[in-house]
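Here is how the chains run, residue by residue.
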Amino acid sequence: MLQRLKDSLKTRFAKPYMVWLVSVMIFSSILQIGWSYGIVQTLYENDVTKLSVVMVVIFAWQSLACGVELNNQCSPFKSDKYTKKAVERGWFLSDILLSMGMVGTVIGFIAMLTGFFDLDFTDAESVQSLIGNLGYGMSTALTTTLVGLVCSILLKLQFFMLENVIDENK
């Protein structure tokens, strides 16, 4: 009975798809832990541009697309109809995520520097306002950089695995 169950699972889900599925579960668990400790909310609040939200949506969308293609490639009834376009789109969007993170960094630095226009060193409130702007801009810069880098790296790993499966199936 146990052997039939193992054989059934082997034919239904191949190893690359299972690796992808487990990695998605691990990432989801880490995200849930981050949510419980308020880390996700802090990242959201620190990003003035909200580019992080757009990057996470693109990451989730492409991760799902990669999982569907992995499942398709591991299926005995696979279709190569959309695979090449899906892989190219995945690589392209992983680079876009990296670029969006860098754009958020530049926007954060610009926000930091805007405080210097009206600075009056003789006024203590003006200097305190500048320090607040510096912190706010720096948090945006670092948050968007972090989210862009992490999403890009994780997406590239997924599409690298998909390309390896495609190459093995040729």
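See the structure above.
Basis of the calculations
Residues numbered from 1 in each chain as written. Predicted model: local features only at pLDDT ≥ 70, side-chain atom pairs only at ≥ 80, totals over all residues. Heavy atoms only, no water. Helix = DSSP H or I, 4+ residues; strand = E, 2+ residues; numbered from the N terminus. Buried < 20%, exposed > 50% of the residue type's maximum accessible area, 1.4 Å probe, protein only. Contact = heavy atoms within 4.5 Å. Areas by Shrake-Rupley, 256 points an atom, 1.4 Å probe, with all protein chains shown as cover. Core = buried A, V, L, I, M, F, W, Y, C linked by side-chain atoms within 4.5 Å. Axes fitted to C-alpha atoms, helices over the stretch in contact; angles between N-to-C directions. Parallel < 35°, antiparallel > 145°, perpendicular 65-115°, else oblique. Left-handed = near helix turned anticlockwise from the far one by under 90°. Phe/Tyr/Trp six-rings, centres within 6.5 Å; stacked < 30°, edge-to-face > 60°.

K.L.:
Teacher, can you tell me more about the overall build of the protein chain here?
P.N.:
Helix and strand counts for the protein chain stand at six helices and zero strands. Counting from the amino terminus, the protein chain carries its helices and strands in the arrangement α-α-α-α-α-α. Looking at the protein chain as a whole, 31% of its 170 residues are labelled buried. A separation threshold of at least 6 residues defines the contact pool for the protein chain, and within that pool the share at least 24 residues apart is 81%. Here the protein chain has roughly 11100 Å² of accessible surface; of this, 69% comes from carbon and sulfur atoms.

K.L.:
Which parts of the structure should I look at to understand the nonpolar core?
P.N.:
Nonpolar side chains tend toward joint burial in soluble globular proteins. Counting residues in each nonpolar core, the largest one holds 20 residues, and the members touching the most others are Met55, Leu70, Leu97 and Leu162. Elements supplying a minimum of two residues to this core: helix H2 (15-36), helix H4 (51-74), helix H5 (83-113) and helix H6 (124-169). Ranked by residues supplied to this core, first place goes to H6 with eight residues. Sequence-distant contacts of leucine 70, defined by excluding residues within four places in its chain, comprise Pro16, Tyr17, Trp20, Met161, Leu162 and Val165.

K.L.:
Could you clarify how one ought to interpret the packing of H4 against H5 in this entry?
P.N.:
For any two helices packed against each other, the geometry is given by the interaxial angle and the distance between the axes. At a closest axis distance of 10 Å, the pairing of H4 and H5 adopts a crossing angle of 165°. Between H4 and H5, the angle falls in the class roughly antiparallel. Considering the relative orientation of H4 and H5, their crossing is left-handed. For the pair H4 and H5, the contacting residues are Leu51, Val54, Met55, Ile58, Phe59, Trp61, Gln62, Glu69, Asn72 and Gln73 in the first and Thr83, Ala86, Arg89, Gly90, Leu93, Leu97, Met100, Gly101, Val103, Gly104 and Ile107 in the second.

K.L.:
I'm lost on the side chain of glutamine 62 in this one. Help?
P.N.:
Within the secondary structure, glutamine 62 is located in helix H4. Setting aside chain neighbours within four positions, we find glutamine 62 in contact with Ala86, Arg89, Gly90, Leu93, Leu155 and Phe159.

K.L.:
Hey, could you run me through the packing of aromatic side chains in this one?
P.N.:
For any two aromatic rings, the description comes down to two numbers: the centre-to-centre distance and the angle of the planes. Scanning the model with the defined rule gives two aromatic pairs in all. Their ring planes at 25° and their centres at 5.7 Å tell us that tyrosine 17 and tryptophan 20 sit as a pair that is stacked. Of the two residues, tyrosine 17 and tryptophan 20 both sit in helix H2, three residues apart, roughly one turn of that helix. For the pair tyrosine 17 and tryptophan 20, one class covers both residues: buried. Ring geometry for phenylalanine 27 and phenylalanine 59: centres 5.4 Å apart, planes at 70°, overall edge-to-face. Of this pair, phenylalanine 27 sits in helix H2 while phenylalanine 59 sits in helix H4, and the two are 32 residues apart along the sequence.

K.L.:
Would you mind going over the environment of threonine 114 with me for this structure?
P.N.:
Relative to the elements of secondary structure, threonine 114 occurs in the loop between H5 and H6. Classification of threonine 114 as partly exposed rests on a relative accessible area of 37%. The spatial distance from the C-alpha of threonine 114 to the C-alpha of leucine 130 is 8.6 Å, given a sequence separation of 16 residues.

K.L.:
Is there a simple way to explain unusual backbone geometry in this structure?
P.N.:
Excluding glycine, residues mostly carry a negative phi; peptide bonds, for their part, are mostly trans. Backbone geometry at lysine 50 places phi at a positive 60°, although glycine is not the residue there. Along the chain, the position of lysine 50 falls in the loop between helix H3 (39-46) and H4. For lysine 50, a relative accessible area of 28% puts it in the partly exposed group.

K.L.:
Explain the packing of H2 against H4 to me, please; I cannot follow it from the model alone.
P.N.:
Interhelical geometry of H2 versus H4 gives an angle of 155° and a closest axis separation of 9 Å. With respect to H4, the axis of H2 lies roughly antiparallel. Between H2 and H4 the crossing geometry is left-handed. In this structure, H2 contributes Pro16, Tyr17, Trp20 and Phe27 to the contact, and H4 contributes Phe59, Ser63, Leu64, Gly67, Leu70, Asn71 and Cys74.

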